[in-house]
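# Structural characterization, general
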Amino acid sequence: MDKKIKIVFTGGGTGGHLMPLISVIREIKKLSNPNTITLYYLGPKDKNAFELLSKEGVIIYSILAGKIRRYFSFKNIIDIFFTIPLGFLQSFFILLFINPKLIFSKAGGGSSVVCLSAKIINIPIFLHESDSVLGLSNRLASSFAKKIFTSFEITEGVNTSKAIFVGNPIRQELLNGNKEEARTLFNITSSKPVILISGGSQGAESINDFIVSILNDLLHYYEVIHISGVKNYQKTKTESNSIFILNPELKANYHLYDSLNEVQLKNAYAVANLVVSRAGAGNIFEISAIGKPSILIPLPTSASNHQLKNAYQHSDSGASMTLEQANLTHHFFMGQIDYLLSKSEKMSASALQFAKPKAGEKIAQEILEFLKVT
């Protein structure tokens, strides 16, 4: 009979949900005897997520995951009456089979039915909320969760009696980038400041389009590492190449990628003088932990406007500047880069003060203490 303590992780949909899970999983493995714990993941089928989780030694079960959209769609009818109930039944019987001692939910796709099943079976639930506003999945599960870990000191909608402010878990490996290795890896040969631009794990077409529109001017003064997102990569590549036909000498300063793996990302962070990013919590806490000044461009359509609220909590600390997408203009953006680079030392200090690089470790400790694991 297997006497190992079993923990089930759930949550998904974007890298913002997945990467904190990986951070907590790694910390649990560091702090515990591998012979005493078995780790599982229960969530929607996602090839990339499953590959990453498998590398961490996690046993994976997939379920159907519907979505409740905040606008009219016939897909809501299918999801509400078929996909979500089937996902619930799958979760219920899988949890009965696994018989875990605890569920850790990062919210996102499929997590609500897993948490509801756990509630019925009487399995304790811990939640983590990345953003400064409690998301829908976590709102539904928060009433019966034992603990709610928060990324931001002020989190709208959270039950403060259950809340533990820890920050957003990041992969500790991202703190170990090397500038010289990065210059070789990305073929950076000039002495110009390096700007890292990212739209988050899903990319951001509007940011990509804006960057391409000012690329000619931008590359005269800076080298750019640009993460476009997989869906937008080909379009961004085609449009940027058309600029280099007239100005071929600028191409050496532009380094376009659809995504970066962990090694690439830690080195991109190390070599960057400034980061331009969406305002997802994962982006914010990674940028803070490596002590980089940043320009945050919140996604205007984020649920409950949480990215805007995330961004302003961060910029209020002095670590970044919040630039709303409606205000993105060529000359203003270029001027802000110059201004922020002139304040980079002070902003870096503010970013490091805002950072919570031990968030994953703190959550792992709380989980292991609750389970009485040593």
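Residues numbered from 1 in each chain as written. Predicted model: local features only at pLDDT ≥ 70, side-chain atom pairs only at ≥ 80, totals over all residues. Heavy atoms only, no water.

### Describing the packing of helix H7 (residues 205-213) against helix H9 (residues 233-246)
Viewed as axis vectors pointing N to C, H7 and H9 meet at an angle of 5 degrees, and their least axial separation amounts to 10 Å. Between H7 and H9, the angle falls in the class roughly parallel. Every residue of H9 that contacts H7 at Glu205, Asn208, Asp209 and Val212 is listed here: Lys235, Thr236, Glu239, Ser240 and Ile243. Among the residues making up the contact of H7 with H9, the classes are represented as 2 nonpolar, 3 polar and 4 charged. (Axes fitted to C-alpha atoms, helices over the stretch in contact; angles between N-to-C directions. Helix = DSSP H or I, 4+ residues; strand = E, 2+ residues; numbered from the N terminus. Parallel < 35°, antiparallel > 145°, perpendicular 65-115°, else oblique. Contact = heavy atoms within 4.5 Å. Nonpolar A, V, L, I, M, F, W, Y, C, P; charged D, E, K, R; others polar.)

### Remarks on the side chain of Ser105
Turning to its location among the elements, Ser105 is positioned in strand E4 (residues 102-108). Aside from chain neighbours lying at most four places away, what touches Ser105 is Thr10, Ser111, Cys115, Phe126, Leu127, His128 and Asn138.

### Details of the sheet that holds strand E11 (residues 274-277)
Ordered by their spatial adjacency, 6 strands build an open sheet running E10-E9-E8-E11-E12-E13, and the pairing between neighbours is parallel. If you trace the sheet from one side to the other, it starts and ends with strand E10 (254-257) and strand E13 (320-322), each paired once. In this sheet, neighbouring strand axes are inclined to one another by 15 degrees on average, regardless of whether the strands run parallel or antiparallel. Pairing between strand E8 (residues 194-198) and E11: 4 bridges, direction parallel. Bridging from a neighbouring strand, Ile195 pairs with Leu274 of E11. (Pairing = 2+ DSSP bridges.)

### Observations concerning empty space enclosed by the protein
Inspection of every chain in the model, using the stated rule, returns 1 cavity of 30 Å³ or more. Roughly 30 Å³ of volume is contained in the largest cavity. Lining the largest cavity we find Glu205, Asn208, Asp209, Val212, Asn232, Lys235, Thr236 and Glu239. When residues of the lining of the largest cavity are traced back to their parent elements, those giving at least two are H7 and H9. Sorting elements by how many residues they give to the lining of the largest cavity places H7 first, with 4 residues. Tallied by class, the residues present in the lining of the largest cavity amount to 1 nonpolar, 3 polar and 4 charged. (1 Å grid on protein atoms, 1.4 Å probe; cavity = no way out; pocket = protein on both sides within 12 Å on 5 of 7 lines; lining within 4 Å. Points joined across faces, edges and corners; volume = space filled by probe spheres on them.)

### Some points on the sheet that holds strand E1 (residues 5-12)
Read from one edge to the other, the open sheet built from 7 strands follows the order E3-E2-E1-E4-E5-E6-E7, with strand pairing classed as parallel. The open sheet has two free edges, formed respectively by strand E3 (59-63) and strand E7 (163-165), since each of these has just one partner strand. Direction aside, the axes of adjacent strands within the sheet are offset by 20 degrees on average. Where strand E6 (residues 147-150) lies against E7, 3 bridges are found, and the strand directions are parallel. The residue of E7 that forms the bridge with Phe149 is Ile164. With respect to the sheet, helix H15 (residues 359-371) is in contact with E1, strand E2 (37-44), E4, strand E5 (125-129), E6 and E7, its orientation differing from that of E4 by roughly 150 degrees.

### Topic: the nonpolar core
Of all hydrophobic cores here, the largest spans 31 residues; its most connected members are Ile197, Ile211, Leu215, Leu218, Ile295, Phe333 and Ile337. Counting residues per element, the ones that place at least two in this core are E8, H7, helix H8 (215-221), H9, E10, E11 and helix H13 (330-342). Element by element, the count of residues in this core is highest for H13, at 5 residues. Those residues within four positions of Ile295 in sequence are excluded, and the remaining contacts are Leu274, Val275, Val276, Ser277, Met321, Leu323, Phe333, Gln336, Ile337 and Leu340. Residues Ile37, Ala49, Phe104 and Ala364 belong to the second largest nonpolar core, which totals 27 residues. (Core = buried A, V, L, I, M, F, W, Y, C linked by side-chain atoms within 4.5 Å. Buried < 20%, exposed > 50% of the residue type's maximum accessible area, 1.4 Å probe, protein only.)

### Regarding the environment of Thr150
Residue placement: Thr150 occurs in strand E6. With relative accessibility at 3%, the residue Thr150 sits in the buried group. Through-space distance from the C-alpha of Thr150 to that of Ala279 is 16 Å; in sequence the pair is 129 residues apart. For Thr150, the side chain forms a polar contact with the main-chain oxygen of Phe152, separated by 3.4 Å. (Polar contact = N/O pair within 3.5 Å; in protein donor to acceptor, adjacent residues only side chain to side chain.)

### Describing the pattern of salt bridges
Pairing between side chains becomes possible if they bear opposite charge and their charged atoms approach one another. On inspection of all chains with the given rule, the structure shows 12 salt bridges. Between Glu361 and Lys358 there is a salt bridge, with its nearest N and O atoms 3.8 Å apart. Its relative accessible area of 24% is what places Glu361 among the partly exposed residues. Look at Lys358 and you get partly exposed, because its relative accessible area is 46%. (Salt bridge = Lys/Arg side-chain N within 4 Å of Asp/Glu carboxyl O.)

### Some remarks on H9
When H9 is considered as a whole, its buried residues turn out to be Thr236, Ser240, Ile243 and Phe244. The arc that holds every buried residue of H9, seen down its axis, measures 100 degrees, which confines them to one face. Structural note: H9 exposes Ile245 and Leu246 on the side pointing more than 90 degrees away from its buried face. Lining the buried residues of H9 we find H7, H8, strand E9 (223-227) and E10. (Arc of directions from axis to C-beta.)

### Notes on the side chain of Ser288
Summarising the element assignment, Ser288 is placed in helix H11 (residues 281-289). Not counting residues up to four positions away in its chain, the partners in contact with Ser288 are His314, Ala351, Leu352, Phe354 and Ala355.

### Comments concerning H11
Counting buried positions along H11 yields 9 of 9 residues, so the element is predominantly enclosed. A positive backbone phi angle near 65 degrees is found at Gly291, which sits one or two residues after H11.

### So, unusual backbone geometry
The backbone phi angle of Asn187 is positive, close to 55 degrees, even though this residue is not glycine. Inspection of the secondary structure assignment puts Asn187 in the loop between helix H6 (179-185) and E8.

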